[in-house]
Amino acid sequence: MSLQVPEDGTLLPLMEEFYTIQGEGYHSGKAAYFIRLGGCDVGCHWCDVKESWDASLHPLTHADQIVANAEQYPGKAVVITGGEPLIYNLDYLTSELQKRGIKTFIETSGAYPLSGQWDWICLSPKKFKSPVPSIGQHAGELKVIVFNKSDFAWAESHAQLVSPGCKLYLQPEWSKSQEMIPLIIDYVKENPKWEISLQTHKFLNIP
Ligand code: SF4
């Protein structure tokens, strides 16, 4: 990645931001302001935001501006996603959001060390670049994308790395949904510590 981003986290490559409904995981159904940062080197072949990968395509934007934009909306929660948002130092952005009473949620593969102050961490580990080991203990939810049958065993291996209270979700990869949903249903019935997460925003036709 050629983009030089200041290490203090005041400038971040912003791909898009929008007010919508969180479609998946623990906060599914809640209004939230999405902040999508550019840059990801995890390389999931089924990634549905490949245009986020090259950070240099996305304008460096001052965190104060992002906070001011988020403040305009009645839903007082943000979801910081990507790309892989933990490539960047998120301390400044998240502390400024929290100062204004805005809850901070993150969606991360965990491939980079944790920064930022979080009200909720969704860890969604990927096979293509392992999460840093310590991050599992901070996760409020573990969300594993199921692309094929072997992903159930892989999900269990990651469930060992999170704290006892962490919510556990299995979510079908969108293009494999028809094939994977019946398997996930059977798996959750047999292993009820897991719950099903669906990308409901795709059914609702919202971003
Ligand atoms: S970690 Fe997320 S943004 Fe990065 S390649 Fe995988 S699905 Fe895409």
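Owing to the predicted nature of the structure, the values given are computational and were not obtained by experimental measurement.

*Asks:* Looking at this structure, I do not really get the overall build of the chain. What am I missing?
*Replies:* Within the chain, the regular secondary structure consists of five helices and nine strands. Of the regular secondary structure in the chain, the N- to C-terminal order runs β-β-β-α-β-α-β-β-β-α-β-α-β-α. Referenced to the eigenvectors of the C-alpha coordinate spread, the extents of the chain come out at roughly 45 × 35 × 30 Å. The proportion of buried residues among the 207 residues of the chain is 54%. Carbon and sulfur atoms make up 54% of the accessible area of the chain, which totals about 9600 Å². Side-chain charges in the chain split into 17 positive and 24 negative, and the spacing between the mean points of these groups amounts to 5 Å.

*Asks:* Looking at this structure, I do not really get the site of the ligand. What am I missing?
*Replies:* In the neighbourhood of the ligand, the contacting residues comprise Cys 40, Val 42, Gly 43, Cys 44, Trp 46, Cys 47, Val 49, Trp 53 and Gly 83. Across the shell around the ligand, the residue classes tally to seven nonpolar, two polar and no charged.

*Asks:* In this structure, what is going on with the environment of Ser 95? I would like to understand it.
*Replies:* Its location among the elements puts Ser 95 in helix H2 (residues 91-99). The class of Ser 95 is buried, set by a relative accessible area of 17%. The sequence separation of Ser 95 and Val 78 amounts to 17 residues, and the corresponding C-alpha distance is 12 Å.

*Asks:* Would you mind showing me how to read H2 here?
*Replies:* Each turn of an α-helix holds 3.6 residues, which means side chains three or four residues apart point in the same direction. Of all the positions in H2, only Leu 93, Thr 94, Ser 95, Glu 96 and Leu 97 are classed as buried. Residues of H2 that are buried make contact with strand E1 (11-21), helix H1 (63-71), strand E4 (77-81) and strand E5 (103-108). Gly 101 occupies a position one or two residues after H2 and carries a positive phi of about 75°.

*Asks:* Just to check I follow, could you spell out the pattern of salt bridges for this structure?
*Replies:* Any two side chains of opposite charge can pair if their charged atoms end up close together. According to the stated counting rule, one finds 11 salt bridges in the structure shown. Among the salt bridges present, the one from Glu 107 reaches Lys 143, with a minimum N-O distance of 2.7 Å. With Glu 107 in strand E5 and Lys 143 in strand E7 (residues 141-146), this residue pair connects regions lying 36 residues apart in the sequence. What makes Glu 107 buried here is its relative accessible area of 14%. Via salt bridges that share partners, Glu 71, Glu 96, Lys 99 and Arg 100 belong to a single interconnected network.

*Asks:* Looking at this model, I keep getting lost on the UniProt feature "binding site: substrate" (unreviewed entry) in the chain. Mind explaining?
*Replies:* If you check UniProt for "binding site: substrate" (unreviewed entry), the listed places come out as Ile 21, Gln 22, Gly 23, Arg 36, Thr 81 and Pro 207 in our numbering. Here Ile 21 lies in strand E1. Since its relative accessible area comes to 30%, Ile 21 is described here as partly exposed. Ignoring anything within four residues of it in the chain, the contact list for Ile 21 reads Gly 29, Lys 30, Ala 31 and Ile 206. Position of Gly 23 among the secondary structure elements: in the loop between E1 and strand E2 (31-37). The class of Gly 23 is buried, set by a relative accessible area of 3%. Those residues in contact with Gly 23, other than ones at most four positions away along the chain, are Ser 28, Leu 198, Gln 199, Thr 200 and His 201.

*Asks:* I'm lost on the pairing of E5 in this one. Help?
*Replies:* Two faces make up the sheet, and in a regular strand the side chains alternate between them. Burial analysis of E5 places five of its six residues in the buried class, the great majority of the element. Examined bridge by bridge, E4 and E5 share four bridges and lie parallel to one another. Note that in E5 the partner of Val 78 across the bridge is Thr 104. You can see the chain leave E4, run along H2 and come back into E5, and the turn it takes is right-handed.

*Asks:* Would you take a moment to explain the sheet that holds E2 for this structure?
*Replies:* Neighbouring strands of a sheet are bound in pairs by backbone hydrogen bonds; such pairs are parallel or else antiparallel. Spatially, nine strands are ordered E3-E1-E2-E4-E5-E6-E7-E8-E9 in an open sheet, and the strand pairing comes out mixed. Strand pairing shows two members of the sheet lacking a second neighbour, strand E3 (60-62) and strand E9 (194-196), which therefore form its edges. Neighbour to neighbour, the strand axes of the sheet diverge by 30° on average, direction disregarded. Packing of H2 onto the sheet brings it into contact with E1, E3, E4 and E5, and relative to E4 it is tilted by some 170°. In the packing of helix H3 (residues 151-159) onto the sheet, the strands contacted are E7, strand E8 (167-172) and E9, and the crossing angle to E7 comes to about 165°.

Reading the values: the criteria
Residues numbered from 1 in each chain as written. Predicted model: local features only at pLDDT ≥ 70, side-chain atom pairs only at ≥ 80, totals over all residues. Heavy atoms only, no water. Helix = DSSP H or I, 4+ residues; strand = E, 2+ residues; numbered from the N terminus. Buried < 20%, exposed > 50% of the residue type's maximum accessible area, 1.4 Å probe, protein only. Areas by Shrake-Rupley, 256 points an atom, 1.4 Å probe, with all protein chains shown as cover. Lys, Arg positive; Asp, Glu negative; His and termini not counted. Charge placed at Lys NZ, Arg CZ, Asp CG, Glu CD. Near = heavy atom within 4 Å. Nonpolar A, V, L, I, M, F, W, Y, C, P; charged D, E, K, R; others polar. Contact = heavy atoms within 4.5 Å. Salt bridge = Lys/Arg side-chain N within 4 Å of Asp/Glu carboxyl O. UniProt positions renumbered as here; feature names shortened; annotations may be inferred. Pairing = 2+ DSSP bridges. Right-handed = clockwise from strand over helix to strand, strands pointing away. Axes fitted to C-alpha atoms, helices over the stretch in contact; angles between N-to-C directions.

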